[in-house]
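# Coordinate inspection notes
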Amino acid sequence: MRGVTKTYGTGEAALNALDGVDLDIGPGELVVVLGPSGSGKTTLLNVLGGIEPADRGELRVAGADLTGRSPNELVAFRRERVAFVFQFFNLVPTLTARENVEAMVELTGRGGRREVPELLSSVGLGDRMDNFPAQLSGGQQQRVSLARALATDPDVLLADEPTGALDVATGVSVLRLLQETNRQGRTVLMVTHNASVARIAHRVVTMRDGRIESVERNAEPADALAVSW
């Protein structure tokens, strides 16, 4: 990102959610973005993931130039390069865990249906894949969400408060899966307000008022199982 700005509203009501942000994230990094509510964390994630276009600045993600791209071009980028994990799972309630993951494979044209059971087993849901979301705990639903994201074999995984709706033990299990995903070579960017989570990252970006306040490197990222809050 070079000089990336995203503004909401106009005139006196205008708010720079991102205000001239410069940021480099290397392939295979696990980066955590910290900051208070309203600091621009989620907007940063949305712009990097092509959910929202930047108003100004230059942006390249996973080899794709997103500067000035049309909505349709951003849709194609999201489908081909990135995947998302959200705080509140966003699963289709009328589909089973297996069907939720299969639907993403069909929608994007990436991955394979035959690998879905193996993928759900890898996140500890081999015996729950035919359950509906309402029959699963919050942590299990988040693991379905993660399996759905990984089913498309994304270059970049973007996670917005993935542990925010979970208890500590369940949240740590989700962090462990994200860390394992990163160890497989994927770039992972996670937004959180929880400073304890930042211990697992290679680098920690702190935001305030739409700007990057600091970027710090963890000399030795902690294992997710050692994290508590």
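Going by the structure above, here's the rest.
Summary of the structure given here. (Residues numbered from 1 in each chain as written. Predicted model: local features only at pLDDT ≥ 70, side-chain atom pairs only at ≥ 80, totals over all residues. Heavy atoms only, no water.)

Among the nonpolar cores identified, the biggest contains 39 residues, and Val 101, Leu 157, Leu 175 and Met 190 are the most heavily contacted of them. At the level of elements, strand S3 (30-34), strand S7 (82-85), helix H3 (97-108), helix H4 (116-122), helix H5 (138-150), strand S8 (156-160), helix H6 (168-183) and strand S9 (187-191) are the ones that each hand at least two residues to this core. At five residues, the largest contribution of residues to this core is made by H5. Apart from residues no more than four positions distant in its own chain, Leu 175 is found in contact with Thr 163, Met 190, Val 197, Ile 200, Ala 224, Val 227 and Trp 229. Membership of the second largest hydrophobic core comes to 25 residues, among which are Leu 18, Val 33, Val 47 and Phe 77. (Core = buried A, V, L, I, M, F, W, Y, C linked by side-chain atoms within 4.5 Å. Buried < 20%, exposed > 50% of the residue type's maximum accessible area, 1.4 Å probe, protein only. Helix = DSSP H or I, 4+ residues; strand = E, 2+ residues; numbered from the N terminus. Contact = heavy atoms within 4.5 Å.)

On to the packing of H3 against H5, then. Contact pair H3 / H5: the axes reach a minimum separation of 8 Å and the direction vectors enclose 25°. Relative to H5, the element H3 is oriented roughly parallel. Two packed elements cross with a definite hand, and for H3 against H5 that hand is right-handed. Listed contacts from H5 to Ala 97, Asn 100, Val 101 and Met 104 of H3 are Val 144, Ala 147 and Arg 148. (Axes fitted to C-alpha atoms, helices over the stretch in contact; angles between N-to-C directions. Parallel < 35°, antiparallel > 145°, perpendicular 65-115°, else oblique. Left-handed = near helix turned anticlockwise from the far one by under 90°.)

All right, on to the pairing of strand S11 (residues 211-217) then. It is a general feature of regular strands that their side chains alternate between the two faces of the sheet. Bridging between strand S10 (residues 203-208) and S11 involves six bridges; their strand directions are antiparallel. Paired with Met 207 across the bridge in S11 is Ile 212. With antiparallel pairing between neighbouring strands as the criterion, S10 and S11 make up a hairpin whose turn holds two residues, including Asp 209 at a positive phi of roughly 55°. (Pairing = 2+ DSSP bridges.)

Right, let's talk about H3 for a bit. Taking 1.5 Å as the rise per residue, H3 with twelve residues should run 16 Å; its terminal C-alpha atoms sit 17 Å apart, in good agreement. Taken together, the buried positions of H3 are Ala 97, Asn 100, Val 101, Glu 102, Val 105 and Thr 108. In the core, the buried residues of H3 are packed alongside helix H2 (71-81), H4 and H5. Positive phi appears at Gly 109, one or two residues downstream of H3, with a value of about 75°. (Expected span 1.5 Å × (residues − 1).)

Considering all chains together, one arrives at ten salt bridges under this definition. Ionic pairing is found between Asp 55 and Lys 6, a salt bridge with its closest N-O pair at 3.9 Å. With Asp 55 in the loop between helix H1 (41-48) and strand S4 (56-58) and Lys 6 in strand S1 (residues 2-8), the pair connects residues that are 49 residues apart, well separated along the chain. For Lys 6, a relative accessible area of 8% corresponds to the buried category. Note that Arg 211 is salt-bridged to Asp 19, the shortest N-O span being 3.0 Å. Remark: Asp 19 occurs in strand S2 (residues 15-21) and Arg 211 occurs in strand S11; sequence separation between them is 192 residues. (Salt bridge = Lys/Arg side-chain N within 4 Å of Asp/Glu carboxyl O.)

What follows covers the sheet that holds S7. Taking strand neighbours across the sheet as the criterion, the six strands line up as S7-S8-S9-S3-S10-S11 in an open arrangement whose pairing is mixed. Two strands bound the open sheet, and with one partner strand each, they are S7 and S11. Averaged over all neighbouring strand pairs, the angle between strand axes comes to 20°, with direction disregarded. The strands touched by H5 within the sheet are S7 and S8, with S7 carrying the most contacts at an inclination of about 175°.

Now for the packing of aromatic side chains. Under the defined criterion, the tally for this structure stands at one aromatic pair. Look at Phe 84 and Phe 86: their rings are 5.7 Å apart centre to centre, the planes differ by 5°, and that puts the pair in the stacked class. What makes Phe 84 buried here is its relative accessible area of 14%. With a relative accessible area of 24%, Phe 86 lands in the partly exposed category. (Phe/Tyr/Trp six-rings, centres within 6.5 Å; stacked < 30°, edge-to-face > 60°.)

When you line up the elements, Gly 63 lands in the loop between strand S5 (60-61) and strand S6 (64-65). For the pair Gly 63 and Gly 138, spaced 75 residues apart in sequence, the C-alpha separation works out to 35 Å.

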